[in-house]
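# Topology and contacts: notes
Chain by chain, the residues:
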Amino acid sequence: MTIAAVLLAAGAGTRFGGDTHKLRAPFRGLTVVQHALGAALEAGLDEVYIVTGAVELRDLIPDGVVLVENHSWELGQATSLRAGVFTAENDGHDAVVIGLGDQPLVGAESWRAVADAEGDLVTAVYRGRRSPPVKLGAAVWPLLPTSGDAGARMLMQMRPEQVTEVSCPGEPVDFDTVQDLEEWS
């Protein structure tokens, strides 16, 4: 069984309000997305994909990471999720672990723990709260939404009996605003 990491980094980040896109914002010596991508790489999964759209990130993506361009990113996160899953499926993977490009404080340990857990629908849990990364096995891929901002969360609500929770360390905070970034800098 092969498992790929898929980092979603396609959104416009309109709530950020800074001088740059939130994923390109400097944070602890790198950019926000470089921290998130570094954790996905460090987890050592079979392949790493990054789904982009609203902002150019090529210059921040190291060799070995597969770039997936989502030309429909304006239609919501579900399109990015589908683009990443579709590419991983075409490359022969059996499962994906999905993470978010604006969560720089989710470490490799969380990615690995979720990947290693049994089941087709596995989520990280931080202090009792579910948050990415989330593992999706091939059996649930046909159930994923095709548009909107719902993704794995909707699937977990539809199939609660299939969800496996894995307690993880780290801070699953999304950097949606400049204030979020400043609070954790």
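Up top is the structure.
This report concerns the structure included in the present document. Just so it is clear, the structure is predicted and the values come from calculations on it, not from any experiment.

Cut-off values and rules
Residues numbered from 1 in each chain as written. Predicted model: local features only at pLDDT ≥ 70, side-chain atom pairs only at ≥ 80, totals over all residues. Heavy atoms only, no water. Helix = DSSP H or I, 4+ residues; strand = E, 2+ residues; numbered from the N terminus. Pairing = 2+ DSSP bridges. Axes fitted to C-alpha atoms, helices over the stretch in contact; angles between N-to-C directions. Salt bridge = Lys/Arg side-chain N within 4 Å of Asp/Glu carboxyl O. Buried < 20%, exposed > 50% of the residue type's maximum accessible area, 1.4 Å probe, protein only. Arc of directions from axis to C-beta. Contact = heavy atoms within 4.5 Å. Phe/Tyr/Trp six-rings, centres within 6.5 Å; stacked < 30°, edge-to-face > 60°. 1 Å grid on protein atoms, 1.4 Å probe; cavity = no way out; pocket = protein on both sides within 12 Å on 5 of 7 lines; lining within 4 Å. Points joined across faces, edges and corners; volume = space filled by probe spheres on them. Nonpolar A, V, L, I, M, F, W, Y, C, P; charged D, E, K, R; others polar.

On to the environment of Ile3. Relative to the assigned elements, Ile3 resides in strand 1 (residues 3-9). Between the alpha carbons of Ile3 and Gly92 there is a distance of 9.4 Å; along the sequence they are 89 residues apart.

Turning our eyes to something else, we now look at the sheet that holds strand 8 (residues 129-137). In space, the seven strands of this open sheet follow the order 5-4-1-6-8-7-9, with mixed pairing throughout. The sheet terminates laterally at strand 5 (65-69) and strand 9 (163-167), the two strands that pair on one side only. Direction aside, the axes of adjacent strands within the sheet are offset by 25 degrees on average. Bridge count for strand 4 (residues 47-52) against strand 5 is five bridges, and the pairing is parallel. Following the sheet pairing, Ile50 is matched in strand 5 by Leu67.

Our next topic: the pattern of salt bridges. Scanning the entire structure with this criterion turns up nine salt bridges. Between Asp176 and Lys22 there is a salt bridge, with its nearest N and O atoms 2.9 Å apart. With Asp176 in the loop between strand 9 and helix 5 (178-184) and Lys22 in the loop between strand 1 and strand 2 (26-27), this residue pair connects regions lying 154 residues apart in the sequence. Lys22 carries the same exposure label as Asp176, and that label is buried. Salt-bridge contacts for Arg130 lead to Glu165; the nearest nitrogen and oxygen are separated by 2.7 Å. Of this pair, Arg130 sits in strand 8 while Glu165 sits in strand 9, placing them 35 residues apart in sequence. Linked by salt bridges that have partners in common, Arg15, Lys22, Asp102 and Asp176 make up one network.

Listed as buried for helix 3 (residues 108-116) are Ala108, Ser110, Trp111, Val114 and Ala115. With its buried residues spanning 165 degrees around the axis, helix 3 presents them on a single face. In this fold, the buried residues of helix 3 make contact with strand 1, helix 1 (32-42), strand 6 (95-100), strand 7 (121-126) and strand 8.

This structure, assessed with the given rule, holds one aromatic pair. The interplanar angle of 90 degrees and the centroid separation of 5.0 Å between the aromatic rings of Phe27 and Phe175 together place this pair among those described as edge-to-face. On the criterion of sequence distance, the pair formed by Phe27 in strand 2 and Phe175 in the loop between strand 9 and helix 5 is long-range, its members being 148 residues apart.

Here the focus is the layout of surface pockets. The computed volume of the largest pocket comes to approximately 1,000 Å³. Listed by contribution, the elements that provide at least two residues to the lining of the largest pocket are strand 1, helix 2 (77-90), strand 6, strand 8 and helix 4 (152-158). Per-element tally for the lining of the largest pocket: the top contributor is strand 8, with six residues. Along the lines of polarity and charge, the residues of the lining of the largest pocket split into 16 nonpolar, 13 polar and ten charged.

Here we come to unusual backbone geometry. Leave glycine aside and you will find that most residues have negative phi; peptide bonds, for their part, are mostly trans. The step from Pro132 to Pro133 runs through a cis peptide bond, and the omega angle for that step is 10 degrees. Along the chain, the position of Pro133 falls in strand 8. With a phi close to 50 degrees, Arg127 is a non-glycine residue in the positive phi region.

These figures come from the coordinates and say nothing about function on their own.
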